[in-house]
Amino acid sequence: MTVKQQIEEYWDWRSTSYTNGATSLGSEERELWKQSLLPHLERGPLRVLDIGTGKGFLALLLADMGHEVTAIDISQSMLEKAQGEAIKRNLDIKFKKGDAENLAFDNSSFDVVVSKYLLWTLPDPENTLKEWDRVLRPGGKIIAIDGNWFDPSPVKKFKRGIRKILQAITYRDSTTGLLRPGKFNQYYSSLHPSLPLYSNVKPESIKPLFEKAGFEDLRTDSLPMIHKYNLKCMHPLFRPWNTDTFFLISGISSKQDK
Ligand SMILES: C[S@@+](CC[C@H](N)C(=O)[O-])C[C@H]1O[C@@H](n2cnc3c(N)ncnc32)[C@H](O)[C@@H]1O
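Residues numbered from 1 in each chain as written. Predicted model: local features only at pLDDT ≥ 70, side-chain atom pairs only at ≥ 80, totals over all residues.

Can you lay out the packing of helix α2 (residues 27-37) against helix α9 (residues 224-233) for me, pointing to particular residues and giving the numbers?
Orientation of α2 relative to α9, taken along the N-to-C sense of each, is 160°, at an axis distance of 9 Å. Between α2 and α9, the interaxial angle falls into the category roughly antiparallel. Of the two possible hands of crossing, α2 and α9 adopt the one that is left-handed. Note on element contacts: α9 touches α2 through Met225, Ile226 and Tyr229, opposite Glu29, Leu32, Trp33, Gln35 and Ser36. When the residues that make up the contact of α2 with α9 are grouped by side-chain class, the tally is 5 nonpolar, 2 polar and 1 charged. (Axes fitted to C-alpha atoms, helices over the stretch in contact; angles between N-to-C directions. Helix = DSSP H or I, 4+ residues; strand = E, 2+ residues; numbered from the N terminus. Parallel < 35°, antiparallel > 145°, perpendicular 65-115°, else oblique. Left-handed = near helix turned anticlockwise from the far one by under 90°. Contact = placed C-beta atoms within 7 Å. Nonpolar A, V, L, I, M, F, W, Y, C, P; charged D, E, K, R; others polar.)

Have a look at this one:
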């Protein structure tokens, strides 16, 4: 099985339990996300492509903000759940199965390309970002939200270890009864050497890739409102072991009109 097929299989399986806010965002959190995204977007409606949409986290928010959203994912199962959510909320989003590295869209089809928590699991981020630039119009915007989930520094590793123990005590997968990290490790322990950003998703490592792909005017945003909210909601037992360092990075396509 290829790396991509394994990734697809894992996320198909994971779709039964993955929420990550997409389907369970309360109204306060939804508003905070919208407020955090707003300064990065021009007045709409914009043609937006959400890549690796999962259950539609960004697609649902952006459609709700009045944009014209298309969303793709490698996992059909994720897309079906995202579609169900869009119908429930009466939002018109075009969902399509597809690979982030090879997009089935014409050049310059979108004003904005967004992705959330996808860069870390791409086998070829450098060429993938070039492909995203291809479908953006000249002057279009890329917005990626990600975090250094598997930061190998000793402090982060130690904190994750403690958190895993706490999770093992408190948290099992409701559908399978298995501990979720078990299945994750089963797939990603052999996959991660093929994923250049797996343990290195930091603005400093992403910026050169953005530049190589043709993006300029790069900006990062540490999303302070979301971090503050997440900490507030986190069980006090988990707070000292929180290692979340997700951030938003954006850039403008420097390609010229032909
Ligand atoms: C961690 S989830 C994030 C989902 C969503 N963006 C969110 O924030 O809730 C990663 C998603 O990326 C998708 N994915 C992984 N590799 C992909 C690829 N090459 N092309 C498209 N989607 C991909 C997975 O199927 C999964 O739904």
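Still more to cover.
Could you give me a rundown of the environment of Lys55, with the residues and numbers involved?
Among the structural elements, Lys55 can be located in the loop between β1 (47-51) and α3 (57-64). Along the backbone, Lys55 and Ala82 are 27 residues apart, and their C-alpha atoms lie at a distance of 4.1 Å.

Can you explain the site of the ligand? Please cite residues and give values.
For the ligand, the set of nearby residues contains 21 residues, the closest of which are Trp11, Gly52, Gly54, Ala100 and Lys116. Elements supplying a minimum of two residues to the shell around the ligand: α1 (3-14) and β2 (68-73). For the shell around the ligand, the class distribution of residues is 10 nonpolar, 6 polar and 5 charged. (Near = placed C-beta within 6 Å.)

Give a detailed account of unusual backbone geometry, specifying residues and quantitative values.
Cis geometry marks the peptide bond from Gly44 to Pro45; its omega dihedral reads 0°. As for its placement among the helices and strands, Pro45 is situated in the loop between α2 and β1. A positive phi angle is found at Tyr117, which is not glycine, with a value near 55°. With respect to the helices and strands, Tyr117 occurs in the loop between β4 (110-116) and α5 (125-135). C-beta crowding within 10 Å serves as the criterion here: with 18 such atoms nearby, Tyr117 is assigned to the partly exposed category. (Buried ≥ 20, exposed ≤ 12 C-beta atoms within 10 Å, placed from the backbone.)

Kindly report on the packing of α5 against helix α8 (residues 203-213), identifying the contributing residues and their values.
In the contact formed by α5 and α8, the axes pass within 8 Å of each other and the chain directions differ by 50°. The pairing of α5 with α8 is recorded here as oblique in orientation. Crossing geometry of α5 relative to α8 is assigned as right-handed. From α5, Pro125, Glu126, Leu129, Lys130 and Asp133 reach across to α8, where they touch Leu209, Phe210, Lys212 and Ala213.

So what's going on with the sheet that holds strand β5 (residues 136-146)? Which residues, and what values?
What the 7 strands build is an open sheet, ordered β3-β2-β1-β4-β5-β7-β6; its pairing is mixed. Edge positions in the open sheet fall to β3 (93-97) and β6 (215-221), since each of these has one partner strand only. Adjacent strand axes in the sheet meet at a mean angle of 20°, parallel and antiparallel pairs treated alike. Judged from the 4 bridges that link them, β1 and β4 form a sheet pairing that is parallel. The residue bridging Asp50 from the neighbouring strand is Val114, located in β4. Along the sheet, helix α4 (residues 76-88) makes contact with β2 and β3, crossing β3 at roughly 170°. (Pairing = 2+ DSSP bridges.)

Could you give me a rundown of the nonpolar core, with the residues and numbers involved?
Counting residues in each nonpolar core, the largest one holds 56 residues, and the members touching the most others are Ala59, Val113 and Leu119. For this core, the element with the most residues is α3, which contributes 7 residues. Apart from residues no more than four positions distant in its own chain, Leu119 is found in contact with Pro125, Ala144, Asp146, Leu197, Val201 and Ile206. (Core = buried A, V, L, I, M, F, W, Y, C linked by C-beta atoms within 7 Å.)

Can you break down the environment of Glu85 residue by residue, with the values?
With respect to the secondary-structure elements, Glu85 resides in helix α4. Among the residues examined, Glu85 registers 18 C-beta atoms within 10 Å and is labelled partly exposed. Along the sequence, Glu85 and Phe57 sit 28 residues apart, while their C-alpha atoms lie 9.9 Å from each other.

Hey, could you go over the pairing of β2 for me, with residue numbers and the actual values?
Regular strands show a simple pattern: their side chains alternate between the two faces of the sheet. Across the 6 residues of β2, 5 count as buried, placing the element largely inside the fold. Relative to β2, β1 is paired through 5 bridges, and the arrangement is parallel. Each bridged residue has a counterpart across the sheet, and for Val48 the counterpart in β2 is Val69. Chirality of the crossover, the property in question, places the unit of β1, α3 and β2 among those that are right-handed. In the sheet, β2 pairs with β3 via 5 bridges, with the strands oriented parallel. Bridge pairing links Ile72 to Lys96 in β3. Handedness of the crossover joining β2 and β3 through α4 is recorded here as right-handed. (Right-handed = clockwise from strand over helix to strand, strands pointing away.)

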